[in-house]
Structures are given as C-alpha cells and as structure tokens.
Amino acid sequence: MIWTDRIRQVKIYLVIAAVCIAVASLVVSHFLVRDLALEERNRMEVWAEAMRTLNKADENTDLSLVLKVINENNSIPVIVMDANNQAQTFRNIDVDGKDYADSLKNAALIGQRLLALGKNIKIELDDSTHDYIQVCYDDSLMIRRLSAYPYIQLGVVMIFVVIAIFALLTSKRAEQNKVWVGLSKETAHQLGTPISSLMAWIEILKMNYPDDDLIPEMDKDIKRLQLIADRFSKIGSLPEPVPASLNEVMDHVIDYMDRRTSKKVKMVKDFPDHDIIIKINASLFEWVIENLSKNAVDAMGVDGGQITLHVEETDDRAIVEVSDTGKGIRKKDLRNVFRPGFTTKKRGWGLGLSLAKRIVEEYHHGKIWVKSSEVGKGTTFRIELKKKG
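Each residue is numbered by its place in its chain's sequence as written, counting from 1. Per-residue local features are limited, in this predicted model, to residues with pLDDT of at least 70; the limit for side-chain atom pairs, both in listing and counting, is 80 or more; totals at the level of whole chains, interfaces and linings are taken over all residues. Side-chain measures here rest on the full set of heavy atoms in the structure, leaving out hydrogens and waters.

## Re the nonpolar core
Soluble globular proteins tend to pack their nonpolar side chains together in the buried interior. Selection criterion: Nonpolar cores are built from buried Ala, Val, Leu, Ile, Met, Phe, Trp, Tyr and Cys residues. Side-chain atoms within 4.5 Å join them into one set. Between buried and exposed lies partly exposed: a residue is buried under 20% and exposed over 50% of the maximum accessible area for its type, with that area taken using a 1.4 Å probe on protein chains only. Here a helix means four or more residues in a row that DSSP labels H or I, a strand means two or more in a row labelled E, and each is numbered from the N terminus. The contact criterion used throughout is that any non-hydrogen atoms of two residues lie within 4.5 Å.
Core analysis: the largest hydrophobic core is formed by 42 residues, its most contacted members being Leu246, Phe285, Ile289, Ile307, Leu309 and Ile383. Ranked by residue count, the leading element in this core is helix H7 (residues 282-300), at 9 residues. Not counting residues within four places of it along the chain, the set of residues in contact with Leu246 comprises Ile276, Ile278, Ile280, Phe285, Val311, Ala318 and Val320. Counting 16 residues, the second largest nonpolar core, distinct from the first, contains Val66, Ile70, Val78 and Leu125.

Set out below in structure tokens:
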C-alpha cells in the first residue's frame, strides 16, 4: 500500500508539473507574441508611409530611403488593396495563379479576409479626392511558429508524463512480480521439509496401524499439501501445458470443495456429456477454480448457498463460468478485484484473484473477468481459453 500511495503521489506531481509548465509556456508565449505583433504593426505603419510617399513622389523626390524601407520587408506578408478592394501588389505571400493578373485576383481574396480581421492600414493618397489604398498584412512566419510552440511543448510534456507514468507502473509491476515469485518459491521450499517428514510418519503409521480409517484421510491431506507446495514452486516459471480433460479438472475441484465446505453449500456442475480436451497445466488451472470457488463460499457466508460450475465449448474456445448466490460485488469495486492487495475480507492478503488472473492470462493465454455481479444476488466469473495456441 505504501508503494501504491507513493506511485499515486508521483503521478499527481508529474501531472501538476506538466500543467505548470504548460501554463507558464502559454503565458510567456502570449506576451511574447503580443509584443512581436505590436512591433510588426509599427513596421507596417512605417512601410505604409513609405508606400504613401512612393505614390505621391515626383521627379524631385529622393526615393532611396523609401525604396530601402519597402524592400527590407522580407518576412511580413503584405497585400496592397485599392479602394475597390482589388489587389495592386503583394509581397511575401505564396499565391498560385496562371499569370500575374490571376495571382492578383487570388491575393485580393486573401486581402479581403485580412480586412475583415482588421489587419490593415489605410493610406490617404490625395486629400482632395480622398483617394486611398489599404495595406493589408498578416502575421509573419516567426509569430505563427511562436504561437504554435507552447502547444507543441505541451504535447511533448504530456508524452513525457505518460512515458514516466508507464515506466513507474512497469517498475512497480516488475517489483511485485519479483516479490511474488520469491515469496512463492520460499514458501514451497519451507513446506518441503515438514511435508517430507509427514509423509515418512504416515508410512510408519500405515505399518503400525494398517486398519485405522483415519490414516488414509491424513495421507490425502498430506498429498494435498504436497500439491500446494508444487503449485507455489511453479510460480515464476512457464510450465508447459499438456492436453487434459477440463471436465476432470472441474470434478477434482468439486470433490475437494464438497469435503471441506459446509453442507449448506451446494456444488452444482453443468458440464457437456463429452470431455473437453484442452492444453492446460491441470494443477495450476485447478488452483484457479479452487480460488474462485473458495471466494464464492466466503461471499455466501454462514447461510450457505449454491455454486455452479459451468463448462462449454465453441469452435475455438473452452469456456468456464463459476457462479455463486453470495453477496455480490459493488460496482465501484469491480475494476479492482484483480488488483494485488485488494480484498473486502477482514482476513486475507488479496492475492488469490491476482494470481488466478496471472495463471489464466500469462500461463494459458486466456481471459478472466467478472461476467456479472449484483449486490445481494451473486457473482459470475468467466474464463475463456483458446483451444489452439
């Protein structure tokens, strides 16, 4: 839980940092673009004044400074429009056209759009006739790039945050896997010695008390412990699945649960008449069904109820469903039932369903999920296994 809380805090800090960076970039970019746009407006006013001087020039006017101002504009898109909104000339704009006249028509359309946006400077050419031209201008390429930069930066930051969170989750999952594997193998190792001793004692008891009816039952329990230890030892490795009867695996679970649960719990099997043969690791898959069945018993409590084990097959899949008439799962808990450490019981580690999911999905390449659940009525878990693969 401490590791989970730490991961959650790191994710929150990363998101907050990304938002702060994005907001700061947007604010700085906004003021920078505003100042540059104002500077370009001032440059256009000087350029417009140069155009006015050029239009009013006579043979005695020195045009060297005027032409220098006009020709030095190599970045700001400009279109000069007459009083009839027809383009007279343009600069720094890519306009497609068959010839220059056609290009002027296309430039006029752009100029009219800029007029509508208010990006123009009106120049009076003659005070008496009130003849005028309009200098329409657009943002330079540099301003457009600066305007888009914060959004690109925001995208890069978000990608970084996603990658960082993914790396944290992967690291967490890898660490959990190491803990589970180490715990499982250590448990199997620690169980090995007392189980071996118990097996030896059982053999001695069989020789000394051959007619005792309790000794065979004790032998079954010891073999059960040996099976459990064997299952724990296989966690972390990739056991080779072999063809096995799914019906037999389910029958073993029913037999085991019948002998170790209250008489108030009724085990119902719903199997096809024929065997379903599928490649599985029978020992581990049996463990999955036992976990689901034990959870079902716990969900039904002291009043008992019914557990239904349903098996069917399609052309390419084998399907197993474990249903109970227990207390059900709340909707807000459905997404967490397979999460390691999650449990609604007062006692328990919350690893049973997590291990079941790992066995089904990683070892058998199948799927397991909560098919349905209703509070007060019961829950159905569904497992699907591919017949080939």
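There is more to say, and it comes next.
## Side note on the pattern of salt bridges
Our working rule: Any carboxyl oxygen of Asp or Glu that lies within 4 Å of a side-chain nitrogen of Lys or Arg is treated as forming a salt bridge with it.
The full count for this structure, using the stated rule, is 20 salt bridges. The salt bridge involving Asp138 is made with Lys119; its shortest N-O contact spans 3.3 Å. A residue pair is termed long-range when its members are at least 10 positions apart, and Asp138 in the loop between strand E4 (131-137) and helix H4 (141-208) and Lys119 in the loop between helix H3 (100-116) and strand E3 (120-126) qualify at 19 residues. Residue Asp138 shares its accessibility class with Lys119, and that shared class is buried. For the salt bridge of Lys371 with Glu321, the shortest nitrogen-to-oxygen distance reads 2.9 Å. One end of the pair, Lys371, is in strand E10 (residues 367-374); the other, Glu321, is in strand E9 (residues 317-324), with 50 residues separating them in the sequence.

## A word on the sheet that holds strand E11 (residues 378-386)
Formally: Two strands qualify as a pair provided DSSP detects at least 2 bridges between them. To get an axis, a line is fitted to the C-alpha atoms, and for a helix only the part in contact is used. The angle between two axes follows their N-to-C directions and goes from 0 to 180 degrees.
With mixed pairing, the 5 strands of this open sheet are ordered in space as E6-E8-E9-E11-E10. Looking along the sheet, the strands with just one partner apiece sit at the ends: strand E6 (265-270) and E10. When strand polarity is set aside, the average angle formed by the axes of neighbouring strands in this sheet is 15°. Relative to E11, E10 runs antiparallel, the two being bridged by 7 bridges. Bridged to Lys367 within E11 is Glu384. Docked against the sheet, helix H6 (residues 246-260) engages E6, strand E8 (305-313) and E9, running at close to 170° with respect to E6. On top of the sheet, H7 reaches E6, E8, E9, E10 and E11; it is set at about 150° to E8, its chief contact.

Note that all results are geometric; they support no functional claim without further evidence.
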